[in-house]
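Residues per chain are reported as follows:
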Amino acid sequence: MQTISKSATTPNNIVIVGGGAGGLELATKLGKKLGRKSKAKITLIDKHRVHIWKPLLHEVATGSLDTEIDGVVYRAHAKKHHYEFQLGSLVHIDREQKRLSLAPIYDDDGLLVIDQREIQYDLLVLSIGSVSNDFGTPGVAEHCSMLDSKSQAQRFQQKLLNLMLKKSAHENSEALKLAIVGAGATGVELSAELNHVVDVVSVYDRNANEKGRKLHIDLVEAGPRILPALPERIASAAQSELEKLGVTVHTNKRIIEATRQGYTDSDNNLIEADLMVWAAGVKAESWLSDCGFETNRINQIVCQPTLISESDADVYVIGDCCHVEMQDGAKVPPRAQAAHQMASVVAKNIVRRHEGKEPIEFVYRDYGSLVNLSRFSTVGSLMGNLMKGSMFIEGKIARLMYLSLYRMHQMAIHGVVKGPFIVLLSQISKIIRPKIKLH
């Protein structure tokens, strides 16, 4: 266990980079524990103005979730929860001087809004998440959509709406073809959500789908089955539901190129597509190793069990950019529940650091996996102390548990008093607005 020097026990300037699930929860906790009592200055930095829970980005991409209603505005949230918010993109970390460099901000016309800035810190927490890993596949960056951020999801939604409008304008047009590479949770949930969107659009536009379905989805996975990180029973149930929806599932199929026409596999077959999505893997930002951190093959920062970086005692790391091993030697998976648990441990360790106490170690607890197939079905498994092993669940119970994960996140960032009102307002808004965002 790492010993904390006396000079490092009371960091007064704590900076968190990344306002995802873990980063925002951590800022909220530290604001309550330290910021409100003026024991420390808490600053959260993010390149977006609004927070969206990353597991729901596929719903933003299809218009099922409206970020203007369901998003959390960082600046307003910071005011209420006793921390400061800085809009900006981190481009460099000077660990010797304990200084961060943020890129300049320009408006849509290319005019400078804020020049490059430098921010000092005593203690730094990196929670910058992950980005899609194209594994160097030719054409992916040019021709494929990725769903790593709110802005990417919104661009995909606009492309989808435009293509659906184009198809509906021609009575005898062919089905809209979408191809998704990567059959993890994002690819599987997006496939189901797209089917739901076509059904909903047909309600608002009678020309959009006169004969029923005018959508064809290819879901491509390089491995032997979909949802490779989850139990086989969940994968089997999910694939069965997708096939009922008309999704064509390809397994053991490796993509070697993306073009305007679609994906080319290793057998030189073309999977035609009007719109392509790449969701085949994740990695951390490559520039992290340039800052002198010890990183693994996907650029994650290697950390001690206390979630302190192996390279710097004044840097904590949480979420998808953190590499920490479990007791059995396996790596903690890049999942929202891991980020949530890491945020709780780091919040405790920073408070303990203020009190001159030793840090506690992070122990990952897998509470199960749930895959939401839009309104059609939800499947998953639950784990816990009340049962030995895991329990397979599906249908309405699984859907309720899936929704509860997001509600827990809302409670963590809004509090147990305001949280229920946020949930209630969200439910009321669904009654008066369209079922999907149509603009």
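Small disclaimer: the values here were computed from a predicted structure and weren't measured.

1. As for the environment of Y263
In step 1: Inspection of the secondary structure assignment puts Y263 in strand β17 (residues 262-265).
In step 2: By relative accessible area, Y263 is classed as buried at 0%.
In step 3: Separated by 13 residues in sequence, Y263 and M276 have C-alpha atoms that sit 8.2 Å apart.
In step 4: What Y263 contacts, discounting residues up to four positions off in sequence, is C144, A179, V181, I255, E257, A258, N269, L270, I271, M276, V277 and W278.

2. Observations concerning the packing of helix α1 (residues 21-35) against helix α9 (residues 336-354)
In step 1: Close contact between α1 and α9 brings their axes to 9 Å; oriented N to C, the two are set at 30°. Judged by the inter-axis angle, α1 sits roughly parallel to α9. Crossing of α1 over α9 shows right-handed handedness. Contact residues: α1 offers G22, E25, L26, K29, L30, K33 and L34, while α9 offers A339, H340, A343, S344, V346, A347, I350, V351 and H354.
In step 2: A breakdown of the residues in the contact of α1 with α9 according to their chemical character gives nine nonpolar, four polar and three charged.

3. Quick notes on the sheet that holds strand β14 (residues 215-220)
In step 1: Here we have four strands laid out as an open sheet, ordered β15-β14-β13-β19, and parallel in their pairing. Both edges of this open sheet fall to β15 (248-250) and β19 (275-278), since each of them pairs with a single strand only. For this sheet, the mean angle separating the axes of adjacent strands, direction not counted, is 15°.
In step 2: Pairing geometry for strand β13 (residues 176-181) and β19, over four bridges, is parallel. In the strand pairing of β19, I180 is matched with V277.
In step 3: Docked against the sheet, helix α6 (residues 150-168) engages β13 and β19, running at close to 155° with respect to β13.

4. A short note on helix α8 (residues 232-244)
In step 1: Between its terminal C-alpha atoms α8 stretches 18 Å, which fits the 18 Å expected from 13 residues at 1.5 Å a residue.
In step 2: Following α8 by one or two positions, G246 has its phi on the positive side, about 95°.

5. What about the packing of aromatic side chains?
In step 1: Counted according to the given criterion, the structure contains two aromatic pairs.
In step 2: Measuring from centroid to centroid gives 4.9 Å for Y74 and F85, while their planes differ by 15°, and the two rings are stacked. Taken together, the positions of Y74 in helix α4 (residues 74-80) and F85 in strand β5 (residues 84-87) put the pair eleven residues apart, joining distant regions of the chain. In this pair, the class of Y74 matches that of F85, namely buried.
In step 3: Arranged with centres 6.2 Å apart and planes meeting at 50°, the rings of Y263 and W278 form a pair that is tilted.

6. Quick word on the pattern of salt bridges
In step 1: As enumerated under the stated definition, the model contains twelve salt bridges in all.
In step 2: Its salt-bridge partner being R99, residue E118 comes within 3.3 Å of it at the nearest N-O pair. Of this pair, E118 sits in strand β10 (residues 117-120) while R99 sits in strand β7 (residues 99-102), and the two are 19 residues apart along the sequence.
In step 3: The shortest N-O distance in the salt bridge between E241 and K244 comes to 3.9 Å. Of this pair, E241 and K244 both sit in helix α8, three residues apart, roughly one helical turn.
In step 4: Through salt bridges that share partners, D94, R99 and E118 make up one connected network.

Criteria and cut-off values
Residues numbered from 1 in each chain as written. Predicted model: local features only at pLDDT ≥ 70, side-chain atom pairs only at ≥ 80, totals over all residues. Heavy atoms only, no water. Helix = DSSP H or I, 4+ residues; strand = E, 2+ residues; numbered from the N terminus. Buried < 20%, exposed > 50% of the residue type's maximum accessible area, 1.4 Å probe, protein only. Contact = heavy atoms within 4.5 Å. Axes fitted to C-alpha atoms, helices over the stretch in contact; angles between N-to-C directions. Parallel < 35°, antiparallel > 145°, perpendicular 65-115°, else oblique. Left-handed = near helix turned anticlockwise from the far one by under 90°. Nonpolar A, V, L, I, M, F, W, Y, C, P; charged D, E, K, R; others polar. Pairing = 2+ DSSP bridges. Expected span 1.5 Å × (residues − 1). Phe/Tyr/Trp six-rings, centres within 6.5 Å; stacked < 30°, edge-to-face > 60°. Salt bridge = Lys/Arg side-chain N within 4 Å of Asp/Glu carboxyl O.

Purely geometric numbers; function is a separate question.
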